[in-house]
Amino acid sequence: MLKVRDIRTFYGNIQALKGITLEIAEGEIITLIGGNGAGKSTTLMSICGVVPPRCGEIFFRGTPIHDMSPEKIVALGICQVPEGRRIFPGLTVKENLEMGAFLRRDAQGIKSDIDHVFDLFPILAQRRNQAGGTLSGGEQQMLAISRALMARPKLLLLDEPSLGLAPLIIQQIFEIIKKINTESKTTIFLVEQNANLALKVAHRGYVMENGLITMSDSAANLLGNEDVKKAYLGL
Amino acid sequence: MEYFLELFLGGLTRGSIYALIALGYTMVYGIIELINFAHGEIYMIGAFTALIVASVLNIMGFGPITILILAMVLAVVYSCAYGFTMEKIAYKPLRHSTRLAPLISAIGMSIFFQNYVLLAQTSDFLPFPSLLPELEFLEPYAFIIRSSEVFIILTTLVVMVLLTLLIKFTRIGKAMRATAQDRTMAMLVGVDVNRVISTTFIIGSSMAAIGGVLIASHIGQINFYIGFIAGIKAFTAAVLGGIGSIPGAVLGSLVLGWTESFATGYISSDYEDVFAFGFLVLILIFRPAGLLGKTTTQKV
């Protein structure tokens, strides 16, 4: 579904990605783990076209997207829940959800999708007219995921959904992620520092270090790998 | 009391004009964090366009209402074209450079537009026809308010209401708010940020042009330099209200308009600017972000 071939991305003169190659098949949950500053978020931003790669290729269902503008990439069905959630603080919960559906024109479908995410996260329904900036961290994460779902993505990119949340909330968020994958057949690309958690929900995983992919295997194998255990699982 | 009312309405008129210009400053700042110093020049270009259109139509023998409408429409169209092009030429290529670069580019555009009009037209003050009709029922109150002031206040009110509706309820309005709050996230939900920025310049330019035509018609003369002065004042108003805040720009403009009007009327017209800027300093000491500005803590 998504093929990333040898992309190199720069911030000014600083090279953040030094040739990333990875592949995601339809219906999978793939995780990308690695330490701080490894280039995980940059990988996602490059796929979304916000920080386009200087060279290399990205194909989504056969369409080259590495030269496309972000809004065209969103229109193809790739949506990101970025690190730090990035809720529009001055828009209400409902308006945030409507922004998620920005490229859709079917008012009726948008309405029923809003009801659907309110079923998924009842707390958001209670807060529908509250400004996004006033929500708690967990609620904001729920809103960020819901906002991405509003675009009916085919590929959902999640950047550190567990960051800064209480364990109970994390569990709830990961339940939902699995549900999104199984129920609506959405392919998921999950970037996480919490490797243990990520590898438990994912089918396959990539390990990233210093702008390079250093390992790729099935999630089960990575969980059992000695190096991964030492470096990322704290065992 | 009558004197007070006269000053109050005079201040409201000034404030309305400032608001029409200040909104352009504040909206552009809200979206791309740029102080568009050439914005005042767009207002001046609007006034000049209206003057040319009005003169030509007058020779051709059109009626006053037709002249007013066509002059206003063409002034808006021309100013929008200038505002749109200015952003594409002077600001868009610099969007990823240091913050100082577009600022200097803006000052350059301002000087360019002034000299362009100076060369294309003249450095003298030109008489501007009174395009706004006289309201007869106001005649007994002429010492308090003039018809043109009524038109300025009402037009500004209508423009504000339309702008509020646009920002609050339309698709592009929501996209503008989202872009102002988090540009990267707006991109990630599929907002074409370039289009939002262009639209912002177009909306700001139209309002400035409307303001330019109204005030030129009220005062009765224009030259190439009017945009600079009005621009500085409107910018002051936007800062006073909290740059980036739309209600703030309106409030700041009214406060500035009244300060100037009352200071001129009760103290001395020589000190108009002293009071205007003194008041700005005073407010910024106690509210550094402006009257309605939000103090944002920068995350590192």
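Since this is a predicted model, take the numbers as computed values, not measurements. (Residues numbered from 1 in each chain as written. Chains lettered and ligands numbered in written order. Predicted model: local features only at pLDDT ≥ 70, side-chain atom pairs only at ≥ 80, totals over all residues.)

**So, the overall build of chain A**
Secondary structure assignment for chain A yields 10 helices and 10 strands. Rg of the C-alpha trace for chain A: 17 Å, near the compact-globule value of 18 Å for 235 residues, within the 12% margin. The buried share of chain A, reckoned over its 235 residues, is 48%. (Helix = DSSP H or I, 4+ residues; strand = E, 2+ residues; numbered from the N terminus. Rg over C-alpha atoms; globule rule 2.2 N^0.38 Å. Buried ≥ 20, exposed ≤ 12 C-beta atoms within 10 Å, placed from the backbone.)

**Section: the sheet that holds strand S3 (residues 29-34) of chain A**
Two strands in a sheet stick together by hydrogen bonds in their backbones, pointing the same way (parallel) or opposite ways (antiparallel). All names here are of chain A. If you walk across this open sheet you meet the 6 strands as S6-S7-S8-S3-S9-S10, and the pairing is mixed. Across the chains shown, the open sheet's two edge strands, defined by having one partner strand only, are strand S6 (78-81) and strand S10 (212-218). With direction set aside, neighbouring strand axes in the sheet form an average angle of 15°. Note that strand S7 (residues 155-159) and strand S8 (residues 187-192) share 5 bridges and pair parallel. Residue pairing for S8: Leu156 is matched across the bridge by Ile188. (Pairing = 2+ DSSP bridges. Axes fitted to C-alpha atoms, helices over the stretch in contact; angles between N-to-C directions.)

**Regarding the interface of chain A and chain B**
Facing the 20 residues of chain A at the interface are 14 residues of chain B. Those elements that provide at least two residues to the side of chain A that touches chain B are helix H2 (70-76) and helix H3 (93-100) of chain A. Its residues placed into classes, the side of chain A that touches chain B shows 12 nonpolar, 3 polar and 5 charged. (Contact = placed C-beta atoms within 7 Å. Nonpolar A, V, L, I, M, F, W, Y, C, P; charged D, E, K, R; others polar.)

**Some details on the nonpolar core**
Here is a general trend for soluble globular proteins: nonpolar side chains tend to be buried in one another's company. Ranked by size, the top nonpolar core spans 156 residues in total, and within it Leu157 of chain A together with Ala22, Ala47, Ala50, Ala71 and Val213 of chain B carry the most contacts. In contact with Ala22 of chain B, not counting residues within four places along its chain, are Ala234, Ala237, Ala238, Ala249, Gly252 and Ser253 of chain B. (Core = buried A, V, L, I, M, F, W, Y, C linked by C-beta atoms within 7 Å.)

**As for the packing of helix H1 (residues 2-32) of chain B against helix H8 (residues 193-219) of chain B**
Residues and elements named next belong to chain B. Two elements in contact, H1 and H8, have axes separated by 8 Å at closest approach and are oriented at 165°. Relative to H8, H1 is oriented roughly antiparallel. Like other packed secondary-structure pairs, H1 and H8 cross with a definite hand, here left-handed. Of the residues belonging to the contact of H1 with H8, the class tally is 17 nonpolar, 5 polar and no charged. (Parallel < 35°, antiparallel > 145°, perpendicular 65-115°, else oblique. Left-handed = near helix turned anticlockwise from the far one by under 90°.)

**Things to note about helix H6 (residues 137-149) of chain A**
Residue and element names in this part refer to chain A. For H6, with 13 residues, the first-to-last C-alpha span of 18 Å sits near the 18 Å given by 1.5 Å per residue. In terms of residue burial, H6 counts as a mostly covered element, since 11 of its 13 residues are buried. Among the residues making up H6, those that are buried are Glu139, Gln140, Gln141, Met142, Leu143, Ala144, Ile145, Ser146, Arg147, Ala148 and Leu149. Buried residues along H6 sit against S6, H3, helix H4 (107-120), helix H5 (122-126), S7 and helix H7 (167-183). (Expected span 1.5 Å × (residues − 1).)

**Observations regarding the sheet that holds strand S4 (residues 55-60) of chain A**
Residues and elements named next belong to chain A. Strand order in the open sheet formed by 4 strands is S2-S1-S4-S5, with antiparallel pairing between adjacent strands. Where the open sheet ends on each side, the last strands, each with one partner, are strand S2 (14-24) and strand S5 (63-64). Direction of pairing for S4 relative to S5: antiparallel, over a ladder of 2 bridges. Paired with Phe59 across the bridge in S5 is Pro64.

**A short note on the environment of Val81 of chain A**
Residue and element names in this part refer to chain A. Secondary-structure assignment places Val81 in strand S6. Overall, Val81 belongs to the buried group, with 26 C-beta atoms counted inside 10 Å. Spatially, the C-alpha atom of Val81 lies 11 Å from that of Ser41, the residues being 40 residues apart in sequence. Beyond its immediate sequence surroundings of up to four residues, Val81 is in contact with Ala144, Ile145, Ala148, Leu157, Leu158, Asp159 and Pro161.

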